[in-house]
Amino acid sequence: MSRPRTTPGPVPSAPRNAPDTPRSAPRDTSAATPDAAPEVSPDAPRAARGGRARDNAPWTAFGGDLHLDLTERRAAGAGLRAALEDALREAVQDGRLAPGTRLPSSRALGEDLGIARNTVVEAYGQLTAEGWLGSRPGSGTTVAERAAPRPAGRPATVRADRRPTGRHDLLAGRPDLSLFPRSAWLASARRALAVAPHDAFDYGSPLGRIELRQALSDYLARVRGVRTDPDRLLVCAGFGQGLGLLAAALRGRGAGRIAVEGYGLPPQREVLRAAGLGLAPLPLDCNGARTDLLDDLGGAGGTAERLGAVLLTPAHQFPSGAALAADRRAAAVRWARERDGYVIEDDYDGEFRYDRQPLGAMQALDPDRVVYGGTAAKSLAPGLRLAWLALPDELVEPVARLKALADTMSPVTDQLTFAELITSGRYDRHVRRCRLHYRRRRDLLVAALAERAPQVRVTGIAAGLHAVLQLPPGSRPEAELLERARAAGLVLTGLDWYRAGPDAERALDLPAAPDARPHAAPGTSPDEPDEPDGPDGPDGPDDAPDAPPALVVGYATPSDHAFPAALDALCGILRES
């Protein structure tokens with residue numbers, strides 16, 4: 001038996017051609033509900049008959065919303081229809097109504113604006129005849145496709161992506177985005193949202209969600225040897241934001257300068273300068289940054305020249321590819337202790353070491369003096385904007401305060417999803433798959449160069465998503481090589497682009513890659529450079545004017561089917577160098 005209706009609502013009318021129901025007979029709904037509305041006459045006002053009326057229904061009930069202000073035009077003496085036509089034309093001209101936008105029905109727009117439906121119909125018809133709008137039966141009225149001129153005085157737009165384009169993208173720094181674990185991410189998102197407490201979606205701690213900080217604390221201790229706890233971890237929108245927050249906090253503590261590696265990422269140096277810090281470049285060689293020279297860069301407190309920190313990439317120096325030697329790690333920590341400074345450890349490529357177990361994080365040497373920074377930009381995708389800082393106790397409060405001022409907190413749903421991805425073990429499995437994929441890519445690059453451009457030396461340890469290709473002395477200048485690469489559809493950079501300004505030494509003694517040295521002695525450590533032949537030998541420092549060119553090649557971005565063609569184009573350029 002069907003259950004009787006107990007809630008107010010319309011009762012279906014009888015079929016129009018039912019023989020026992022006169023068409024004009026009123027419907028008896030008194031039995032439907034005790035609160036049913038009384039019967040009304042067909043001559044009653046439309047609002048009383050339950051029709052559409054502005055007084056009885058919210059204005060948002062009639063399809064898409066459209067803001068049109070007719071007040072000024074009416075005040076200037078324009079008729080109602082003319083005012084409506086002008087307002088619609090202006091909305092199309094200035095781009096508020098893009099081509100293809102569907103407009104509200106004439107009835108809905110008339111009721112929203114408080115004007116007769118016929119006025120809207122006539123305005124739509126006029127603008128359709130002029131070509132501003134289009135109309136097809138059953139599809140409503142839409143904004144017509146047209147080449148609208150750019151409004152005068154509009155400022156030039158900023159490109160969302162300054163990355164150059166070409167047929168073969170070999171720029172360093174980005175992963176193969178096709179590897180993003182969509183299924184695992186979706187499964188983790190469903191699980192995380194299902195169990196998340198309601199207050200997870202409220203304003204929260206600027207440090208980030210406790211679920212992710214706990215998961216990261218456990219993961220970093222297990223995989224990278226980081227010594228921290230959830231209360232000292234801060235989740236930020238990319239390592240760039242974290243670096244900016246740190247720089248501002250250090251500036252507030254009296255730092256005037258920060259030491260940087262002589263070659264590194266230009267955007268990071270821009271972030272440091274924007275925070276008001278001067279840069280002091282450290283020379284590089286095959287053992288990483290010369291941290292033994294930190295004392296020579298100055299460290300007197302209370303002056304604008306005070307060196308407050310040093311930024312390092314110990315696991316895999318970018319772009320040279322060297323790993324920071326143990327004695328230099330110790331020297332940096334010793335300097336930080338003695339000078340009340342900090343080491344900022346950018347764990348660049350820390351997950352992607354191919355020839356051996358990755359070196360542990362430098363932060364474990366002294367968690368009170370080393371700030372550890374990590375990111376999911378390469379292991380997952382840069383678009384997620386997920387990164388983290390393991391902070392010393394003294395920096396937690398000032399950095400968290402700056403994070404709160406910057407954006408209150410990082411987005412919650414991605415944090416919860418990432419936490420579930422880690423705790424479920426899916427993240428570990430994904431990183432292992434990526435490690436194997438990128439190792440194969442690097443092997444293909446090294447083998448192709450050994451066969452087709454043997455004069456080119458691949459440098460650095462077997463790690464990361466890029467390699468530095470050092471050409472022999474007498475090769476074409478770097479700028480000319482890059483121009484020839486662009487003509488061949490290759491997008492890559494030269495080593496000199498990463499140099500930290502004119503104050504940094506141009507010469508860079510790069511270690512040959514262990515898997516690219518055919519004559520390496522058996523048992524040679526991959527991190528140990530060949531013995532130099534002398535101050536002017538092939539492995540000794542290059543004279544700055546005669547420094548051979550070097551190209552920085554990223555091998556992660558091209559798809560599997562496009563990578564062989566990219567290698568062919570690259571080897572062709574190098575053969576002619």
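Owing to the predicted nature of the structure, the values given are computational and were not obtained by experimental measurement. (Residues numbered from 1 in each chain as written. Predicted model: local features only at pLDDT ≥ 70, side-chain atom pairs only at ≥ 80, totals over all residues. Heavy atoms only, no water.)

**Looking at the sheet that holds strand 17 (residues 550-554)**
Next up, step 1: With antiparallel pairing, four strands are arranged side by side in an open sheet as 13-14-17-16. Of all strands in the sheet, those bounded by a partner on one side alone are strand 13 (457-459) and strand 16 (493-494).
Next up, step 2: Relative to strand 17, strand 14 (residues 466-470) runs antiparallel, the two being bridged by five bridges. Among the inter-strand pairings, Gln470 is bridged to a residue of strand 17, identified as Ala550.
Next up, step 3: Against the sheet, helix 12 (residues 426-452) makes contact with strand 13 and strand 14, and its axis sits at roughly 155° relative to strand 13, the strand it touches most. (Pairing = 2+ DSSP bridges. Helix = DSSP H or I, 4+ residues; strand = E, 2+ residues; numbered from the N terminus. Contact = heavy atoms within 4.5 Å. Axes fitted to C-alpha atoms, helices over the stretch in contact; angles between N-to-C directions.)

**Points about the packing of aromatic side chains**
Next up, step 1: This model, assessed by the stated rule, comprises eight aromatic pairs.
Next up, step 2: Judged by centre distance (5.8 Å) and plane angle (50°), the rings of Phe180 and Trp185 are tilted. As far as the burial class goes, Phe180 and Trp185 line up, both buried.
Next up, step 3: Above the face of the Phe563 ring, Arg441 is positioned so that its terminal group lies 4.6 Å from the ring centre. (Phe/Tyr/Trp six-rings, centres within 6.5 Å; stacked < 30°, edge-to-face > 60°. Buried < 20%, exposed > 50% of the residue type's maximum accessible area, 1.4 Å probe, protein only. Lys NZ or Arg CZ within 6 Å of the ring centre and 35° of its normal.)

**So, the pairing of strand 14**
Next up, step 1: Across the five residues of strand 14, five count as buried, placing the element largely inside the fold.
Next up, step 2: Judged by which residues are buried, strand 14 turns out to be covered on both faces: His466, Val468 and Gln470 on one side and Ala467 and Leu469 on the other are all buried.
Next up, step 3: What sits between strand 13 and strand 14 in their antiparallel hairpin is a turn of six residues, with Gly460 showing a positive phi close to 90°.

**Some points on the side chain of His316**
Next up, step 1: Looking at the secondary structure, you find His316 in the loop between strand 9 (307-312) and helix 9 (326-338).
Next up, step 2: When its relative accessible area of 1% is taken as the criterion, His316 is described as buried.
Next up, step 3: In terms of polar contacts, His316 uses its side chain to reach the side chain of Asp349, at 2.8 Å.
Next up, step 4: Contact partners of His316, with chain neighbours within four places excluded, come to Gly321, Ala322, Tyr348, Asp349, Ile461, Ala463, Gly464 and His466. (Polar contact = N/O pair within 3.5 Å; in protein donor to acceptor, adjacent residues only side chain to side chain.)

**Section: helix 14 (residues 563-575)**
Next up, step 1: For helix 14, spanning 13 residues, the distance from its first C-alpha to its last is 18 Å, which sits close to the expected 18 Å at 1.5 Å a residue.
Next up, step 2: Regarding helix 14, the residues found buried are Phe563, Ala566, Leu567, Ala569, Leu570, Cys571, Gly572, Ile573 and Leu574.
Next up, step 3: On the buried face of helix 14, the contacting elements are strand 3 (168-169), helix 12, strand 14, helix 13 (478-487), strand 15 (490-491) and strand 17. (Expected span 1.5 Å × (residues − 1).)

**A closer look at the sheet that holds strand 10 (residues 342-346)**
Next up, step 1: Sheet architecture is open: seven strands sit in the order 4-12-11-10-9-5-6, paired in mixed fashion. On the outer flanks of this sheet lie strand 4 (233-236) and strand 6 (278-282), each paired with one strand and no other. Shown here is a sheet whose adjacent strand axes are inclined to one another by a mean of 20°, direction ignored.
Next up, step 2: Relative to strand 6, strand 5 (residues 257-261) is paired through five bridges, and the arrangement is parallel. Each residue of the ladder has a partner; that of Ile258, found in strand 6, is Leu279.
Next up, step 3: Lying over the sheet, helix 7 (residues 239-252) contacts strand 4, strand 9, strand 10, strand 11 (370-375) and strand 12 (387-390), oriented at roughly 175° with respect to strand 10.

Just distances and angles here, no functional claims.
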